[in-house]
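Breakdown of the fold
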Amino acid sequence: MSFGAVDMEEESGAAAAAAAAEEIRRLPAEVNWEMLDKSRFFVLGAALFSGVSAALYPAVVVKTHLQVAPPPQAATATGTAAAILRRDGLRGFYRGFGASLAGTVPARALYMAALEVTKSSVGSAAVRLGVSEPTASAVASAAAGVSAAVAAQVVWTPVDVTSQRLMVQTSTSCRYRGGADAFRKILLADGVRGLYRGFGLSILTYAPSNAVWWSTYAVAQRCLWRAVGHERSESCASLMAVQGASAAVAGAAAALVTMPLDTVKTRLQVMEADAAARPTLASTVRGLLKEGGWAACYRGLGPRWGSMSLSAATMVTTYEFLKRLSAKEGSLG
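Residues numbered from 1 in each chain as written. Predicted model: local features only at pLDDT ≥ 70, side-chain atom pairs only at ≥ 80, totals over all residues. Heavy atoms only, no water.

The chain has the name Mitochondrial carrier protein in an unreviewed UniProt entry, where Miscanthus lutarioriparius is given as its organism. According to the UniProt record, the Subcellular location (unreviewed entry) comment for the chain is "Membrane". Regarding the chain, the UniProt comment filed under Sequence similarities (unreviewed entry) reads as follows: "Belongs to the mitochondrial carrier (TC 2.A.29) family." (UniProt positions renumbered as here; feature names shortened; annotations may be inferred.)

1. With respect to empty space enclosed by the protein
All chains considered together, the criterion is met by 1 cavity of 30 Å³ or more. Considering only enclosed or pocket space, the largest cavity measures out at about 1,100 Å³ in volume. The wall of the largest cavity is formed by 38 residues, among which Arg108, Trp156, Tyr206, Ser311 and Met315 lie closest to the centre. Looking at the lining of the largest cavity, the elements with two or more residues in it are helix H2 (38-68), helix H4 (97-128), helix H5 (133-168), helix H7 (199-228) and helix H10 (301-325). The dominant element in the lining of the largest cavity, judged by the number of residues it contributes, is H5, at 9 residues. (1 Å grid on protein atoms, 1.4 Å probe; cavity = no way out; pocket = protein on both sides within 12 Å on 5 of 7 lines; lining within 4 Å. Points joined across faces, edges and corners; volume = space filled by probe spheres on them. Helix = DSSP H or I, 4+ residues; strand = E, 2+ residues; numbered from the N terminus.)

2. Observations regarding the pattern of salt bridges
Under the criterion given, the structure shown has 12 salt bridges. Measuring nitrogen to oxygen at the nearest pair gives 3.4 Å for the salt bridge that ties Arg87 to Asp88. Its relative accessible area of 15% is what places Asp88 among the buried residues. A salt bridge links Arg299 to Glu291, with the nearest nitrogen and oxygen atoms 3.5 Å apart. The network of salt bridges with shared partners includes Lys63, Asp160, Asp262, Lys265 and Arg304. (Salt bridge = Lys/Arg side-chain N within 4 Å of Asp/Glu carboxyl O. Buried < 20%, exposed > 50% of the residue type's maximum accessible area, 1.4 Å probe, protein only.)

Here it is, written out as structure tokens:
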């Protein structure tokens, strides 16, 4: 290869990197951790995300029922929802919501703090090391998703175990009288270990799920802005539409990739333990495969796919709106 060809390749690579950097700069301004009024961010975040969680909670209840139902009772999402409504009324769709909401606020606070700190520090470090801005953005988003998932699970796993036990009980088989009673009985029966049942699997589920989600979200945003035109990024409606669509795509991708792990985790957390045979990861997987093969691992995919896509679109538009509401005076120029 001649020196002229090498020079042309280097120039072509430099031009591509410059074009990618210019595309990043033309995206709507990112509100980073240093630009946020932290007290406003966490107070407003608690209120906004509590409302979003309330709206999406019924889909989580339906998904959980589908994942733990034995083969003779296995049904469609519509059939399960109808059965819950017929048996317990609207109240059945909000079993365990109080316990879930009590843990949502601290878990979300940890999640958001870890997400923003990691994204800001990893992104800056990657750029300083000479990584191109698009790649640095995707890497920083993936790393931030992993660290946020790990931080949140410290609080969320006991809440998840408690709320899921409440979700699957019915008015005819009511073992727990509420979140506090369920928490106390699980603690007495199994100790702290019982509250953290499935913690390792939760990390294995949510860490890659968040990495897939945030990296897909960053890439989808760039593709959509390229399609609709960067000049429309000043429009609030266009901004929310692109962010919502990107989040829905990212949520669908994350749901599909991590569904088997989520099904095993849910089974492990909801199954009652007894002295003779405590459920283990291996026994849970064997039981699930025996019931319906690999298809059983995707039981509840429809509600989870829909819930995660809708949740992602709602959450991320709320989250981006929250960051702009919480920006310090003058930080956005």
